[in-house]
Amino acid sequence: MANVAEMRVIVGDRDQTEAEERAEELRILEALLFAAEEPLDEKTLAAPLPAGVDVHALLTQLQQDYAPRGVNLVRVAGKWVLRTAGDLAWLLTREAVVSRKLSRAAIETLAIVAYHQPVTRAEIEDIRGVTTSKGTLDVLLETGWIRLRGRRKAPGRPVTYGTTEAFLSHFGLDALGDLPGLDELKGAGLFEAALPAGFEVPVPSDDPALRDDEDPLEPGDLDLGLVPPTDRAE
Amino acid sequence: MANVAEMRVIVGDRDQTEAEERAEELRILEALLFAAEEPLDEKTLAAPLPAGVDVHALLTQLQQDYAPRGVNLVRVAGKWVLRTAGDLAWLLTREAVVSRKLSRAAIETLAIVAYHQPVTRAEIEDIRGVTTSKGTLDVLLETGWIRLRGRRKAPGRPVTYGTTEAFLSHFGLDALGDLPGLDELKGAGLFEAALPAGFEVPVPSDDPALRDDEDPLEPGDLDLGLVPPTDRAE
Amino acid sequence: MSVEEVNFEAELADRATGEPALVVDVEGFEGPLDLLLTLARQQKVDLAKISILALADQYLAFVEEARKLRLELAADYLVMAAWLAYLKSRLLLPDPPAPEGPSAEDMANALAQRLRRLETIRQVAEQLLNRPQLGREVFQRGLPEPIAEIKRPQWTATLYDLLSAYASRRQTQSRTIVRMPKRSVWSLAEAREAVERLIGCSFDWSPLDQYLIEYLVEPSQRPTVLASSFAAALELVREGRLELHQHAAFAPLYVRARAQQSESGAAPQSGNG
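Just so we're clear, the structure is a prediction, and the values are computed from it rather than from any experiment. (Residues numbered from 1 in each chain as written. Chains lettered and ligands numbered in written order. Predicted model: local features only at pLDDT ≥ 70, side-chain atom pairs only at ≥ 80, totals over all residues. Heavy atoms only, no water.)

(A) Representation of the sheet that holds strand β2 (residues 206-207) of chain C in the model. Residues and elements named next belong to chain C. Strand order in this open sheet of 3 strands is β2-β4-β3, and the pairing throughout is antiparallel. Every other strand in the sheet has two partners, leaving β2 and β3 (242-246) as the edge strands with one partner each. Across the sheet, helix α9 (residues 222-238) touches β3 and β4 (253-257), and the angle it forms with β3 is around 120°. (Pairing = 2+ DSSP bridges. Helix = DSSP H or I, 4+ residues; strand = E, 2+ residues; numbered from the N terminus. Contact = heavy atoms within 4.5 Å. Axes fitted to C-alpha atoms, helices over the stretch in contact; angles between N-to-C directions.)

Shown next as structure tokens:
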């Protein structure tokens, strides 16, 4: 019994010494990799280590040690380098807000959506008298100020557009009904006096409930990649 | 018994979730610190973390985690930065860019600026007992370790000098209070002697706020072509 | 410039014998205070207990020696020499009954204090320089990963932009609708429909003009009607439903329905354009 216990102690000591040596070797590799200005090959990494050390095994262990961390040890072209963990790449980006003005076409389209919603692209084009490019509607969807409402019950089942809460908030409106009517627009000098008989500016409403002539959107409609900002804004 | 067991399970779950969150927060800090080019303050480090997280406690833990490693987390100038462990200098010195060797006059002048700041050239000369050549101060300004602070409210309105964050970072100091031998100097009452009568300044300070006896620099003071590195460092 | 070559061993030897060595090498000193400090160190006592009188003597001896050797001493050294000579005389003579300014004792203490201060600053400078320095003993990340900037547009528009754009577009459009001019272009589809309808099943050659005469009432319409109906006729020929015939360039065009139309018109590809 005594012998076995003795042996255990000796083995324990040797194990401990080995573990300490190994730890020191790992420290050396860590420091080299950290300070390096380029990925390092195993020969370079082995240079300061005692001869006969299995540098590849050490690196593999270091790689495992770092695997769950915010920084990983990766192999690039046969060399080793420390890199930010892939799932944390977002940390290394910074959003810079760039102020951009909407194009004239976009502003007109937005105004038409606001006053005439729910409105289809064909109707917008009819009111503007020119073709509306897809890009214009995309930009507006990106602003988060307009959204897809539903589909018109009509041939082709075109998508209907409406404004969002973000629209109200950006333009400082309490409710869509606060958009000025024809008389107010005239009063503000935005319309000239000479308008054809029967000319009207609709009383806008952004009631989210679908109209009688609207169908709900289908699941696929929202997967266009156009709508996320709208969704977020809501 | 059943209740107690149940409770234990619930507590265990919560502990586990907390531990996981903590691990993720540590990963984020780790990634930021590894990627950074310069020391980061706690505000910057806290930015990507959930609100209310005790970033200081996390950093202290990370510092402990890294203490036995080849790379250490250290505080310099009140900020956090990863650096290779000091005892591994032998490993990396080979690769070090040979830093400019400062003259004895420059080293003494740097120490006087560090320990006696804010200090004027006349005060530096008083301590050293010799005229300080303009070149000596220029060399130090070039290193980015000292900077023009302001002008002393005294006849001739001499420029006052102080150290920069780059100085702290280079010498691995968290704050001026960590300067070696500061207590000796304090105990020997060696600060007062350097100062004109009436100003009692017991310890050096690199507080960017001007002292009562300092005026701000004038626009022309900074156009000497000496200061850009200093300015940048701050 | 030195009387005795300074070297470390020599200095050690001097210290060992306890005889202060006088080394005249002005270039090696950073000014008179540095020289004084070096001389003071050779007294091998705590700077606080230093004999200023002895120090003054040593300094003056140094300057004397330098002068003998016709060394050019900087003004700083000479000023210090004059001051020390004065201090020495004050120290040796009893203080006058009503001393003006600091006493000789005070002056000596002030000098000792200056020397201590210089010595201390040198010690801390050394400690500072012995700290691990960035890029010398400790290193930062060799491959920092830069922060990428993602530009996120923040769209701007004012309510005024919105309303004025709306009003002006509606106004413009309202005008265009009211003053819609008569259609001035005959579309290809219209022309085709007309030609098909007019020719019907006529298998006799007839001039194209004749069929179109009713559309030519307004002279301004003439070019577009002709162009469109000619193009439509060519298309119908290609589809094998019409035949065209012309005697010469600019001669009247003759047109007739093609006989084999009965094959349910299913030969659109067979036409020879």
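(B) Focus on the environment of Arg152(A). Residue and element names in this part refer to chain A. Mapped onto the elements, Arg152 comes out in strand β5 (residues 146-152). Exposure remark for Arg152: the relative accessible area of 11% places this residue in the buried category. Along the chain, Arg152 and Val119 lie 33 residues apart, while their C-alpha atoms are 8.6 Å from each other. With sequence-adjacent residues up to four places away left out, Arg152 is seen in contact with Pro118, Val119, Thr120, Glu123, Arg157, Pro158, Thr160 and Asp213. (Buried < 20%, exposed > 50% of the residue type's maximum accessible area, 1.4 Å probe, protein only.)

(C) Seen up close, the confidence of the model for chain C. All names here are of chain C. Here chain C averages 74 in pLDDT, while 73% of its residues score no lower than 70. Considering only residues more than four positions removed or in separate chains, one finds that residues 1-21, a stretch of pLDDT under 50, has 21 contacts. Confidence drops under pLDDT 50 across residues 261-273; counting only partners more than four residues distant or on other chains, this segment forms 5 contacts. Interface scoring of the predicted complex returns ipTM 0.63; its pTM is 0.60. (pLDDT = per-residue confidence, 0-100.)

(D) The interface of chain C and chain B, seen in detail. Counting from both sides, the interface comprises 34 residues of chain C and, opposite them, 45 residues of chain B. Interface of chain C and chain B: buried area, both sides summed, is about 3,500 Å²; carbon and sulfur atoms make up 58% of it. Applying the counting rule to chain C against chain B returns 5 salt bridges. Ionic pairing is found between Arg104(B) and Asp34(C), a salt bridge with its closest N-O pair at 3.3 Å. Linking chain C with chain B are 11 residue pairs in polar contact (both at pLDDT 80 or more), by the criterion used here. Of all the elements in the fold, those that place two or more residues in the side of chain C that touches chain B are α2 (32-41) and α5 (104-130) of chain C. (Buried area = accessible area lost by both parts, 1.4 Å probe. Salt bridge = Lys/Arg side-chain N within 4 Å of Asp/Glu carboxyl O. Polar contact = N/O pair within 3.5 Å; in protein donor to acceptor, adjacent residues only side chain to side chain.)

(E) Quick look at the pattern of salt bridges. Going through the model one piece at a time under the given rule, you end up with 41 salt bridges over all chains. Between Asp57(C) and Lys88(C) there is a salt bridge, and its shortest N-O distance comes to 2.8 Å. You can see Asp57(C) sitting in helix α3 (residues 52-68) and its partner Lys88(C) sitting in helix α4 (residues 75-92), a full 31 residues away along the chain. Sharing partners across several salt bridges, the network here consists of Arg104(B), Glu108(B), Arg128(B), Glu30(C), Asp34(C) and Arg122(C).

(F) Molecular detail of the packing of aromatic side chains. Residues and elements named next belong to chain B. Using the criterion set out here, one finds 9 aromatic pairs over all chains in the structure. Where Phe34 meets Tyr66, the ring centres are 6.3 Å apart and the plane angle is 55°; that geometry is what we call tilted. Taken together, the residues Phe34 in helix α1 (residues 2-35) and Tyr66 in helix α3 (residues 55-66) connect sequence positions 32 residues apart. Here Phe34 matches Tyr66 in class, with each residue buried. Centroid distance Phe167 to Phe171: 5.2 Å. Interplanar angle 55°. Geometry classified as tilted. On the accessibility criterion, Phe167 (0% relative accessible area) is buried. The buried category is assigned to Phe171, whose relative accessible area is 1%. (Phe/Tyr/Trp six-rings, centres within 6.5 Å; stacked < 30°, edge-to-face > 60°.)

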